[in-house]
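# Survey of secondary and tertiary structure
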Amino acid sequence: MGPSGAEHNNFPGDEVELVLRNKNVILIVLIAALFAVFPLMVTSGYYLGILVIVGFYSIVAIGLGLLLGYAGQVSFGQAAFYGLGAYAAAILSGTYGWPPLLALAAAPLLPAAVAAVIGQPILKLKEHFLVLATLGFGILVYILMKEFVDLTGGPSGYTGIPYLSIGGLVLSTDKQFFYLVWFLAFLTLVGAWNLVNSRMGRALRAIHGSEPAAEAAGIDTARLKLKVFILSAFLAGLAGGLYAFYISFISPSPFGFHASIQFVLMAVVGGAATIWGPVVGAFVIVGLIEFLRWAVPVVLPKAGGEFEIIFFGLILVLALLFRPEGIMSHKRRKQRSEPDAGKEAAGTCST
Amino acid sequence: MLDVRDLTKNFGGLVAVNRASFSVNAGEILAVIGPNGAGKTTIFNLITGMLTPDEGEIRFQGRPLAGLKPHQIARLGISRTFQNLELFRAMTVAENVMVGAYTKGKTGFVRAILRRPGTTAGDRKRYGEALELLRAVNMAEYADEPAESLPFGLQRLLEIARALAAGPQLVLLDEPAAGLNAGESQALVAFLRRLREQNLTFVLVEHDMATVMDVADRIVVLNFGSVIAEGTPAEIRSNPEVIRAYLGEDES
Amino acid sequence: MSPESQLLQYLISGLTLGSIYALIAIGLVVTFNITGIFNLALGEFVTLGALVSIALYAAGLPLIAAFALAVLIAAALGAVMERTAIHPARKANATILTLVIITIGVGIAIRGASLLIWGTHPYILPPFSEHAPFTVAGAVVIPQSLWVLGLAVVCVAALFAFFEFTYLGKAVRACVMNRTAARLVGINPQRLSLAAFTATGALGALAGIFVAPITFATYDMGFMLGLKAFVAAILGGVTNVPGAIIGGFLLGILEAFGVGLVGSGLKDGLAMIVMILVMLIRPTGILGAFRRGA
Ligand SMILES: Nc1ncnc2c1ncn2[C@@H]1O[C@H](COP(=O)(O)OP(=O)(O)OP(=O)(O)O)[C@@H](O)[C@H]1O
Ligand SMILES: [Mg+2]
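Residues numbered from 1 in each chain as written. Chains lettered and ligands numbered in written order. Predicted model: local features only at pLDDT ≥ 70, side-chain atom pairs only at ≥ 80, totals over all residues. Heavy atoms only, no water.

## Notes on the pattern of salt bridges
Residues and elements named next belong to chain A. Throughout the structure, instances matching the rule amount to 20 salt bridges over all chains. Between E308 and R293 there is a salt bridge, and its shortest N-O distance comes to 2.7 Å. Taken together, the residues E308 in the loop between α13 (277–299) and α14 (309–322) and R293 in helix α13 connect sequence positions 15 residues apart. Among the residues examined, E308 registers a relative accessible area of 2% and is labelled buried. (Salt bridge = Lys/Arg side-chain N within 4 Å of Asp/Glu carboxyl O. Helix = DSSP H or I, 4+ residues; strand = E, 2+ residues; numbered from the N terminus. Buried < 20%, exposed > 50% of the residue type's maximum accessible area, 1.4 Å probe, protein only.)

Structure, rendered in structure tokens:
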């Protein structure tokens, strides 16, 4: 019995375009519109500021999500790339007097180059050793930021970062940064979506599915993993550069181990194997931090420091125990109704 | 087409493959048989570059494969299936086949991100080819299902379809009929025969003697990593050493 | 100070720190051998050992009782960790990577809890004895260093005796070598995993108690100590207990001399560089080299 329905198979891309034209376009337009009018409606600088930060984190988390969810590799040193981007932007524009826009454009190149150099050997490591190596790298960079006082200003921080200006327009308000960051975050999303839904994206998911089979299909798995690692470092560096110009003063403390954990958390909580997931994760985690910073001192007035890490730890454990695919994952497994699939297979090869 | 000379591989103290030599001629189906642990899968892993030989040489179309990575060997035109299915389980059936055809594509990393013109057209072409291949194995209706939802027999078949997708010259099949019922095995045999007519070459590892005798042009018998016999099915069937070493221990 | 006494000074502080690293590293290696995973939360048990015993001592308990109770509490927490996080994840067929990330999660949860309970202040644990520091060949020796060294040696000897001479210890080693065989002789690998996490929790706490009088105790003291213990374990070849001990002392000495060379700020960076380089260049550890050479 030959399946007669074979003819109606469409290329999935067509399907996507079709769907895009209907449901998703409306959704995307709605979300974009929401983002566009948000700064006009919200007068509280607090919320706008938080959303700018979420934008930075989203860019980092999208990159990490590609690494974690698609290439199946982990990095506990992502904050180091974020920090390298921030310091590169700050030092190039502040110390060396580069035009800020040029410094911002150059900022992601430093972490990307570092990733290219360390990625080759480090990505050969598996499991614990990959975790420890990336973690160790993150701590090393953090220490160097503190110790190279002449260049970075050390623990007391780096001041003197000029305003970012784009073609004469000086960016100084939260509103301006909001639009810039979310524009770039949107571009990042589109790029990531393009990547994932391409030959390269399929190759990445294949590596995640089975590395030997991917190799046997002619995929240079080591090289592809390295490319995603470099891309994730590039994106973290871009976000870091933006952050430096936004905050105008940087110190090593936001680039430490806890920040790296935070990024992993965003990717894991949101669902690393979706493009949107990490963005949702960034919203959830930043929202949680802000909530805790408000709520915990109400209960425990003496609490200080980054006590929110206790919840990070718990959420990380719970997420991995109960929803390893993340909150965004919706297993789109269509239940097959024919129970006699096995019988069909009997005549399978005879055509 | 493929020449294996004095191939040797040790795992610790265990000699998994012991100075094995054999050749595969273009357009034939060569069966490699032997009891469990004889070293059949290890030989596949050595040919495809997943393991490095301790000694010996493998040449494909006259070219030595030493030092090449698995993906480089795949690009020379050697495909394989895996004994313990290695499907991309979360991907759809069509996507599995499309990954199999990875080497046919051109879109690079940066071009993919920027979605340069032509990338979608290339994907569409791959998808069409995947469907065509799936139709040939009567699986087109499953094209957009996740691979993990397939029944076992179809998963085996999908492994084969994926291996064929790149348009290889030599296909290594590691127990393709394991777990299939009699009807499925027969259909598989017929399918392989048809492919051979299209000038494909196969090396087939298989325990099921009926299938082997049915489909193989020649048979290489391994025992404890050594080649103990080589010949046509008829010769092998009457070879006393083979009967002692192989059939005596393993009834199938 | 003469150059010789300067060297001696470095050596003493290196050995002191190194014995702490070695002690924690033993816990890491034993857990790794039994369960196949590195417990990246172990450093936090070091913190707990120090801070809990300080709190109990401040609450009026005699020092020894405070120590014992702190070790017990850490052991219990290790058991809870295994039952609530590791065991269920294993049952759900979690990958090793997931398990490792889970231990990181447990670690930062404990660190956050310590922060909430104790804040960021440093706490002081009195030295185990009241003697004044004395000098040996020009180098200053604080008595606590001797305590640390001595107790570490005792602990290591006790562990060694346990694994070599007791039935249970031998059984554990059997299980490490072959899980199925262990099951056949009636050892339950699951229970062994529970025991491993419990015991290493206790061991970590003990290390924290030893080191607290020297370094002050803070909520984040264990993180770096734990990481250094990994460096020690990796130096020693990951699965090798004697290797981990030697690795611990080597790292301690390297750091002590490193401080003299590059300054204390970069000391921690040195350990990270050592870790990454060893993993990349000689994943079998330095002892592998010695063995092959011998
Ligand atoms: N990676 C490995 N490390 C150690 N030993 C291995 C490894 N791979 C295979 N072996 C051993 O080498 C021997 C040959 O194994 P191989 O898988 O090649 O046998 P086989 O002929 O394919 O057997 P089967 O019919 O069971 O598939 C076996 O004893 C096996 O245990
Ligand atoms: Mg086999």
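So much for the structure itself; the text now carries on.
## Considering the sheet that holds strand β4 (residues 55–60) of chain B
Residues and elements named next belong to chain B. What the four strands build is an open sheet, ordered β2-β1-β4-β5; its pairing is antiparallel. The two strands at the open ends of the sheet, each matched to only one other strand, are β2 (14–24) and β5 (63–64). As defined by bridge partners, strand β1 (residues 2–11) adjoins β2 across seven bridges and the pair is classed as antiparallel. Residue pairing for β2: L7 is matched across the bridge by A20. (Pairing = 2+ DSSP bridges.)

## Some points on the domain arrangement of chain B
Interface extent is often summarised as the accessible area lost during association of the parts. Residues and elements named next belong to chain B. Partitioning chain B into structural domains gives domain 1 (1–77 + 168–252) and domain 2 (88–165). For domain 1 versus domain 2, the distance between C-alpha centres works out to 27 Å. Counting residues at the interface gives 16 residues for domain 1, matched by eleven residues for domain 2. In total, about 990 Å² of surface goes out of reach between domain 1 and domain 2, with carbon and sulfur atoms giving 75% of it. Broken down residue by residue, the surface that domain 1 buries against domain 2 is led by R75, P168 and F191, which jointly contribute 38%. Inspection of the domain 1/domain 2 interface yields zero salt bridges. At the junction of domain 1 with domain 2, the criterion picks out one residue pair in polar contact (both at pLDDT 80 or more). (Domains from an automatic or database assignment. Contact = heavy atoms within 4.5 Å. Buried area = accessible area lost by both parts, 1.4 Å probe. Polar contact = N/O pair within 3.5 Å; in protein donor to acceptor, adjacent residues only side chain to side chain.)

## Quick word on the site of ligand 1
Residues and elements named next belong to chain B. Near ligand 1, the surroundings consist of 13 residues, among which G37, K40, T41, T42 and Q83 are the closest. G39 is positioned such that a nitrogen or oxygen atom in its backbone is 2.9 Å from an oxygen atom of ligand 1. Here an oxygen atom of ligand 1 and a side-chain polar atom of Q83 are 2.7 Å apart. When ligand 1 is considered free in solution it has 630 Å² of accessible area, and contact with the protein chains removes 62% of it. For the shell around ligand 1, the secondary structure elements donating two or more residues are β2 and α1 (40–47). The element contributing the most residues to the shell around ligand 1 is α1, with three residues. The residue makeup of the shell around ligand 1, split by class, is four nonpolar, seven polar and two charged. (Near = heavy atom within 4 Å. Areas by Shrake-Rupley, 256 points an atom, 1.4 Å probe, with all protein chains shown as cover. Nonpolar A, V, L, I, M, F, W, Y, C, P; charged D, E, K, R; others polar.)

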